[in-house]
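Residue-level listing of the chains:
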Amino acid sequence: MLVETHFPRRLSPIRYDAYLASGWFRGSLMLYKMDLLCVDETLYSIVNIRINLHKHHMSKRQRKLVARNKKKFNVVFGPVDITPEKERLYDLQKPRFKGYIHETLTEYLAAGVSDHVFDTREVRVYDDHKLVAVSYFDVGSASLASLLGLHDPEYSASSLGTYTLLQEMTWAQAHGFKWFYPGYVLDQPSAFDYKLRLGDIEYYTPTQRWGKWAGFDRTRTAAFRIEQAMATAQEALAEKNLPSRSWLYPFFTLGNLPFVRLEFLNLPWFIALGHDLEGMLVVGYSPLSGGYVLGHILPCPNEFPQAALEFASEYDNSDVYWNALMKYGDIISNPTSLSDILDYAETWQQRMDAIPTTL
């Protein structure tokens, strides 16, 4: 079971509301509700999903899984209590995590705020006295949001990741909750798709409403718009024989945080045209402005926020990811048209200090 973790910590609807109500978000860098994710050498849109528990019934396959595991394991619910054996399960799962990874389970669950902000519970699964799985969920007024599922890889055949999700849903139904948020899926097939088999899924639409999963349309996602715009830009630059090279930029999340004064680069995907005395000249597409962005960016190695995070090993691939923190120098135009970018790039190449990019 893959864990949805990337920096900054993405919030469930319950955690987001709790942040706003508590005021803790004012001093935290962990408030993040952007719907894009750079993993697996691809830019994805995040799609939040939920299940109406008042209408939910387990499928035949799910009932069989629960019945089979009930004979082998003991399940215990309770408040969060971090122990060495739970940290061990977290460490066992870390090689499978995506994006930016908290060093410990304790740091993941704290997310930089006081313990009293969230009502977080855990469900533990034991094989005799051995802890083999644990999952965590937040409790809201009418909803539950699943946060994190961990299991011992030696027990993979028992589908403990799905099993703990089903246990959370059963607990929620027994306590009268209406909505269950299993986290998110991505706008293209991925390892998160097992959640789509949990029940009758609703998804959060681009119009900020909830709709049936059968109506999901990837062409309406931000990732699709960026993908199409960047492909068009790359083709146009090639036709003009203008050298360029593109990278995915995972640190774009920092540029979308509230209350951050530095102008961190907020483009998840950019095309580098080259360097001059003002920095690296790049082109990107912003789904917020609905147009291209042209500007210079600069490195800012001493301005990374204080956070106990590790990087997934895939970010070491410098052919795909630009993994140094960058900030804007000057923004030449935002938004702008592709034709204006091409005109600027052709003129820019004639500058004495222009060094066009090379592959």
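What you see is a predicted model, and the numbers here were worked out from it, not measured in a lab.

Undergrad: Go over the packing of aromatic side chains with me, naming the residues and quoting the values.
TA: Per the stated rule, a full pass over the model turns up 20 aromatic pairs. Look at Tyr203 and Phe216: their rings are 5.3 Å apart centre to centre, the planes differ by 90°, and that puts the pair in the edge-to-face class. Within this pair, whereas Tyr203 is found in strand S10 (residues 201-204), its partner Phe216 is found in the loop between strand S11 (210-212) and helix H6 (222-239), the two being separated by 13 residues in sequence. Taking relative accessible area as the criterion, Tyr203 reaches 7% and is therefore assigned buried. One residue, Arg50, lies across the ring of Trp179, its end atom 3.4 Å from the ring centre. Across the ring face of Tyr184, the terminal group of Lys195 is positioned such that the distance to the ring centre comes to 5.5 Å.

Undergrad: Provide a residue-level description of helix H2 (residues 60-72), including the pertinent values.
TA: For H2, which comprises 13 residues, the first-to-last C-alpha distance of 19 Å matches the rise-based estimate of 18 Å (1.5 Å per residue) to within 8%. In this fold, the buried residues of H2 make contact with helix H5 (160-174).

Undergrad: Hey, could you go over the pairing of strand S13 (residues 269-276) for me, with residue numbers and the actual values?
TA: Judged by how many residues are buried, S13 sits mostly within the fold: 7 of 8 residues are covered. When strand S12 (residues 245-248) meets S13, the two strands line up antiparallel, connected through 4 bridges. Each residue of the ladder has a partner; that of Ser246, found in S13, is Ile271. Across 6 bridges, the pairing between S13 and strand S14 (residues 279-286) is antiparallel. Its bridge partner lying in S14, Phe270 is registered against Gly284. Count of turn residues in the S13/S14 antiparallel hairpin: 2 residues. In this structure, S13 lies alongside strand S18 (residues 355-356), joined through 2 bridges in antiparallel fashion. Following the sheet pairing, His275 is matched in S18 by Ile355.

Undergrad: I'd like a rundown of the environment of Tyr108, residues and numbers included.
TA: With respect to the element layout, Tyr108 can be found in helix H4 (residues 105-110). By relative accessible area, which is 1% here, Tyr108 ends up buried. Through-space distance from the C-alpha of Tyr108 to that of Leu147 is 9.9 Å; in sequence the pair is 39 residues apart. Separated by 3.3 Å, the side chain of Tyr108 and the backbone oxygen of Leu147 make a polar contact.

Undergrad: For the packing of H2 against H5, give the residues involved together with the corresponding values.
TA: Where H2 contacts H5, the two axes come as close as 10 Å, and the packing angle between them is 100°. Judged by the angle between their axes, H2 and H5 are roughly perpendicular. Contacts between H2 and H5 pair Gln62, Leu65, Val66, Asn69 and Lys70 from the former with Leu160, Thr162, Tyr163, Leu166 and Gln167 from the latter. Its residues placed into classes, the contact of H2 with H5 shows 5 nonpolar, 4 polar and 1 charged.

Undergrad: Which residues make up the pattern of salt bridges, and what values do they have?
TA: One pass over the structure, following the stated rule, counts 15 salt bridges. With a shortest N-O distance of 2.6 Å, Lys86 and Glu122 are connected by a salt bridge. With a gap of 36 residues between them, Lys86 in helix H3 (residues 84-93) and Glu122 in strand S5 (residues 120-127) connect regions that are remote in the sequence. For the pair shown, Lys86 and Glu122 are each scored as buried. Across the pair Asp152 and Arg88 runs a salt bridge whose closest N-O atoms are separated by 3.2 Å. Of this pair, Asp152 sits in the loop between strand S7 (143-151) and H5 while Arg88 sits in helix H3, and the two are 64 residues apart along the sequence. Assessed through its relative accessible area of 2%, Asp152 is described here as buried.

About the cut-offs
Residues numbered from 1 in each chain as written. Predicted model: local features only at pLDDT ≥ 70, side-chain atom pairs only at ≥ 80, totals over all residues. Heavy atoms only, no water. Phe/Tyr/Trp six-rings, centres within 6.5 Å; stacked < 30°, edge-to-face > 60°. Helix = DSSP H or I, 4+ residues; strand = E, 2+ residues; numbered from the N terminus. Buried < 20%, exposed > 50% of the residue type's maximum accessible area, 1.4 Å probe, protein only. Lys NZ or Arg CZ within 6 Å of the ring centre and 35° of its normal. Expected span 1.5 Å × (residues − 1). Contact = heavy atoms within 4.5 Å. Pairing = 2+ DSSP bridges. Polar contact = N/O pair within 3.5 Å; in protein donor to acceptor, adjacent residues only side chain to side chain. Axes fitted to C-alpha atoms, helices over the stretch in contact; angles between N-to-C directions. Parallel < 35°, antiparallel > 145°, perpendicular 65-115°, else oblique. Nonpolar A, V, L, I, M, F, W, Y, C, P; charged D, E, K, R; others polar. Salt bridge = Lys/Arg side-chain N within 4 Å of Asp/Glu carboxyl O.

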